[in-house]
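Descriptive analysis of the structure
Each chain, letter by letter, is given below.
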Amino acid sequence: MSPERITRWILALIVAAAAATKLLAFETTRRGVAELLGAAGIGPLSQTGLDAAIWALAVSEVALAAAIAFSPRPRLGLAALLAMIAAGIVLFGAATSWGRDADLACPCGLPFELPFLHNTFAAMLVRDAILLALVALAWPSAEPAATDPGDGGESAAGRGVTA
Amino acid sequence: MKSRALLIGLAAVLAGSAFFVERISTSLPVIGSGGAETTSSGTTSSANPGQSPHEFAILEMGMGEVPVGSVALRFRVSVTEGNGPAVAYDIEPSETGLVQFGPLKAGAEVVVSVVAGGAICGFEGEETIGEARVRITGALGRQFVIVPVRTPSPTPRRHRIEVVDADEWAVEGARILSDGVTTELRTSVLGFVPFDSTWAPRIRVIPPPTRPDLVEEEVRVEPKDWMTLVTLDSLPARAIEIPELSSDFARASIDRIRLEPVDSRNWSREFRVHEARVEHVRIGTYRATWDVAGMRRRGVLTVERERVHFEESGPPVPLRQVEIGGSWQAFAMVPMQFVVLAGRTVRSVLTPSRVLSSRDMETFDGLNFTTPGRFGGVEDDGRIVFPDMAPGAYEFAIIGRPRYASLCLVVPETEETEVVRRVAHPVAAAGVGDLYGTVAGQAHSKPYHVEVRAVGQFEAMKPVKVGESYEFGELSPGVYAVRVVRSDAFEMLRSTGDCVRSTWRNVIVDAGLRVKLDFAVE
């Protein structure tokens, strides 16, 4: 198995863990999401709306993890993950005035702390930097990966792009 | 390769931004949810060294373990501030052995004793079963201390009389008359007096002059019982008219007046003003305050059978607006998460033990029980605004999550500008700790529960099996009372002599700490 594929599996596990944490600690997630959305000026959402948003996010994360791990086009999954990271930075950044204001807890399901960082937004940026580095490592050298069937990639012929 | 390089570059930019954000944020004042007396480090001090956001301290105290027995226990808190004399207060703890006291200044020396018995509770002897000395640190805010205690010595059983009013407030100074009583007997500040079995069992209880609202009572004492509870009836409450209030009412709307009795009762309640009349007031003398046209009027109100007299205590003082900065929008949408500024005087902090035990200290009842307070409104931009605050000491708190945030601030009387405070997320600033441990002993078919309580409306419970561990995570710093209870502990037909619940034990949970507390059941 190639290093790219191993890294993709690691990323998929991380994303799946984020989804599982959200659902396992649902009450905490609900509180965190309510605070985050409130601080970002979104809402207020009803309890049902909040729950639906959390479920939707968790389900999409599971789908994303599957796409990163199993899809014949892993770049799509990785790009979606990048978009999710960017959205998280924008939302959390807006809620915390880019780290200057309320130090909200991130309800993303990926708690991340460093002893020398006190600001949650700063810690989140470091975590996202690590995720980005992992995405860079997982990024396929070429897509479709016709020469590496072990990657789960499909051949050009299989995708019907031959002349 | 190009994409990879781009992503690595982006990751480097994010990491650099993180350290930039961290640097910016730590240069801003960060306010903690309470300095911990036993903590040498914390976000509060590291973020803004040498300068506390709090302007006074409140000391939370807990007994190491609440002894089992029939002797009444209380805290005796002796406070020395600066070069002043030591002032002592007797405070009844909650059933879990918790109490709070304040406001206190930085550097105040506090001797906290746990006393068993004593004349104030109607016992002959008095024994100090534990003592701790603390100095209030410069961090101010909520500070915590645990007093280790030993089991009190057995005391001879003696009958006691307790005198209370219809609201169950102790009646201090009530006279006890009976055949055989040769010396004048008066109830203590807690309403107790010891009873001698040689006296005639029929006694008359005469209310003190400070309680003209009460009527005397005649009761029969059963000396073989532990105690006789005498409840004195009150004269009916009535609507009253205060001339000064009526003239204010004519020029501005007034819907509430706050009354506090000048005797030993420390309640503080708002009464409705209807058509310039104050409803349901009993005979007595009160400190009265009401707000009119941005000013607070203060005075002593004397309500007699035939007349009402109000004497102003100084000129009216201007009201101020208090703003708590930050992004508090979430509290506008979560039910029962009201933000309050609660008055913090010695009087208001000495919450009666039954209110402490009911964990209602900072709920609606608590606020109108001994603690004057005001609810805040969350603005669209996330600030919390408390309009029309009178000068005084206050604590910013959140009802429903009483340990989530705390800021002790003073609204000065002479300050002309608006008082504005900024809170940059108190929870993260203070951090949270964990409480965990094991329950050892002989397994039982009935399950056990670990209960945790704190001062204020905080209560949590988790099921645990014998031989297994429990854990309560993400607790805000504070004193927590913990015990283990078997599920059938409070069943009426349970056989006696069975160990079904442990005593309450108190521990300090501090930011970033994991506190271990093990229990053994039989």
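Here, residues in each chain are numbered from 1, in the same order as that chain's written sequence. Note on labels: chains are lettered from A, ligands numbered from 1, in written order. Whole-chain, interface and lining totals are the exception, using all residues; otherwise, since this is a predicted model, local features are given only for residues with pLDDT of at least 70 and side-chain atom pairs are given and counted only at 80 or more.

Let us now look at the overall build of chain B. For chain B, the helix and strand inventory stands at eight helices and 38 strands. For the exposure call, what matters is how many other C-beta atoms sit within 10 Å of a residue's own: 20 or more marks it buried, 12 or fewer exposed, and in between partly exposed, using C-beta atoms placed from the backbone. With 522 residues in all, chain B has 42% of them scored as buried. Working definition of a contact: two residues with C-beta atoms, positioned from the backbone, lying within 7 Å. Excluding contacts between residues fewer than 6 apart, the proportion of contacts in chain B whose partners are at least 24 apart in sequence is 67%. Numbering of helices and strands runs from the N terminus, with a helix taken as a DSSP run of H or I at least four residues long and a strand as a DSSP run of E at least two residues long.

So, on to the overall build of chain A. Looking only at helices and strands, chain A has five helices and zero strands in total. Listing each helix as α and each strand as β along chain A from the N terminus yields α-α-α-α-α. For chain A, buried positions account for 38% of its 163 residues. Long-range pairs, those at least 24 residues apart, make up 60% of the contacts in chain A with a sequence separation of at least 6.

Moving on to the nonpolar core. Ranked by internal contacts, the top residues of the largest apolar core, which has 136 residues, are Val15, Ile68, Leu125 and Val135 of chain A together with Tyr480 of chain B. In terms of residue count, helix H5 (residues 120-138) of chain A provides more of this core than any other element does, eleven residues in total. For Leu125 of chain A, the contacting residues outside a window of four places in its chain are Leu14, Ser17, Ala18 and Val21 of chain B. Throughout this description, the term nonpolar core refers to a group of buried Ala, Val, Leu, Ile, Met, Phe, Trp, Tyr and Cys residues whose C-beta atoms join them within 7 Å.

On to the sheet that holds strand E11 (residues 192-194) of chain B. All names here are of chain B. Criterion used throughout: strands pair if DSSP finds at least two bridges between them. Sheet architecture is open: three strands sit in the order E11-E8-E14, paired in mixed fashion. The strands lining the two open edges of the sheet, one partner per strand, are E11 and strand E14 (227-232). Neighbouring strand axes in the sheet, compared pairwise and without regard to direction, differ in orientation by 20 degrees on average. Here three bridges tie strand E8 (residues 160-165) to E11, and the two strands are oriented antiparallel to one another. Among the inter-strand pairings, Arg160 is bridged to a residue of E11, identified as Pro194. Helix axes use the C-alpha atoms of the stretch in contact, all axes being lines fitted to C-alpha atoms, and the angles between their N-to-C directions lie in the range 0 to 180 degrees.

A few words on the packing of helix H2 (residues 26-39) of chain A against helix H3 (residues 47-70) of chain A. All names here are of chain A. Remark: H2 packs on H3, axes separated minimally by 10 Å, with the N-to-C direction vectors making an angle of 105 degrees. By the criterion of interaxial angle, the relationship of H2 to H3 is roughly perpendicular. For the pair H2 and H3, the contacting residues are Thr29, Arg30, Val33 and Ala34 in the first and Leu50, Asp51, Ala53 and Ile54 in the second. Classes in brief: Ala, Val, Leu, Ile, Met, Phe, Trp, Tyr, Cys and Pro nonpolar; Asp, Glu, Lys and Arg charged; the others, Gly included, polar. Each residue belonging to the contact of H2 with H3 can be placed in one class, and the counts come to five nonpolar, one polar and two charged. Angular relationships are summarised with four words: roughly parallel below 35 degrees, roughly antiparallel beyond 145, roughly perpendicular across 65 to 115, and oblique for the angles in between.

Glancing now at the environment of Thr7 of chain A. Residues and elements named next belong to chain A. If you trace the backbone, Thr7 turns up in helix H1 (residues 3-24). Classification of Thr7 by C-beta neighbours within 10 Å gives partly exposed; the count is 19. It is 8.9 Å that separates the C-alpha atoms of Thr7 and Trp139, two residues lying 132 residues apart in sequence. Not counting chain neighbours up to four residues away, the residues in contact with Thr7 comprise Leu134, Leu137 and Ala138.

Now for the confidence of the model for chain A. Residues of chain A with pLDDT of at least 70 account for 79%, and the chain-wide mean is 79. Confidence over residues 145-163 of chain A falls short of pLDDT 50; this stretch has 24 contacts with residues more than four positions distant or in other chains. Predictor confidence is given residue by residue as pLDDT, running from a minimum of 0 to a maximum of 100.

So, on to the environment of Asp248 of chain B. Residues and elements named next belong to chain B. Relative to the assigned elements, Asp248 resides in helix H3 (residues 243-251). Separated by 49 residues in sequence, Asp248 and Arg297 have C-alpha atoms that sit 9.9 Å apart. If we skip the residues at most four places from it in the chain, Asp248 touches Ile254 and Val292.

Turning to unusual backbone geometry, a few remarks are in order. Residue and element names in this part refer to chain B. Here the bond from Gly102 into Pro103 is cis, since omega is -5 degrees, no more than 30 degrees from zero. One can find Pro103 in strand E4 (residues 98-104). Of note, the phi angle at Leu140 is positive, near 55 degrees, even though the residue is not glycine. For Leu140, the location among the structural elements is in the loop between strand E6 (126-135) and strand E7 (141-147). We classify Leu140 as buried; it has 24 C-beta atoms within 10 Å.

So, about helix H4 (residues 74-95) of chain A. Residues and elements named next belong to chain A. A rise of 1.5 Å per residue sets the reference length of H4, with its 22 residues, at 32 Å; its end C-alpha atoms lie 31 Å apart and thus fit the reference within 8%. Of the positions making up H4, those classed as buried are Pro74, Gly77, Leu78, Leu81, Ile85, Phe92 and Ala95. The arc that holds the buried residues of H4, viewed along the axis, is 115 degrees, so those residues lie on one side. Projecting away from the buried face of H4 at angles above 90 degrees are the exposed residues Ala83, Ala87 and Val90. Next to the buried residues of H4 lie H1, H2, H3 and H5. Positioned one or two residues after H4, Ser97 has a phi angle of 50 degrees, which is positive. Helices are assigned an expected span. That span is 1.5 Å times one less than the residue count. Note that the arc is defined by the directions from the helix axis to the C-beta atoms.

In this section: the sheet that holds strand E24 (residues 339-343) of chain B. Residues and elements named next belong to chain B. Here we have four strands laid out as an open sheet, ordered E25-E24-E28-E29, and antiparallel in their pairing. Of all the strands in the sheet, the pair left with one neighbour each is strand E25 (373-375) and strand E29 (407-411). Strand-to-strand twist across the sheet, computed as the mean angle between neighbouring axes with direction ignored, equals 25 degrees. By the bridge criterion, five bridges tie strand E28 (residues 392-398) to E29 in an arrangement that is antiparallel. Across the sheet, the residue bridging to Ala393 is Val410, located in E29.

Look at H3 of chain A: 34 Å from first C-alpha to last across 24 residues, which is about the 34 Å you get at 1.5 Å a residue. The elements touched by buried residues of H3 of chain A are H1, H2 and H4 of chain A.

Our focus in this paragraph is the pairing of strand E36 (residues 505-509) of chain B. All names here are of chain B. Counting buried positions along E36 yields five of five residues, so the element is predominantly enclosed. Note that strand E35 (residues 478-486) and E36 share five bridges and pair antiparallel. By the bridge assignment, Val479 is partnered in E36 with Ile508.

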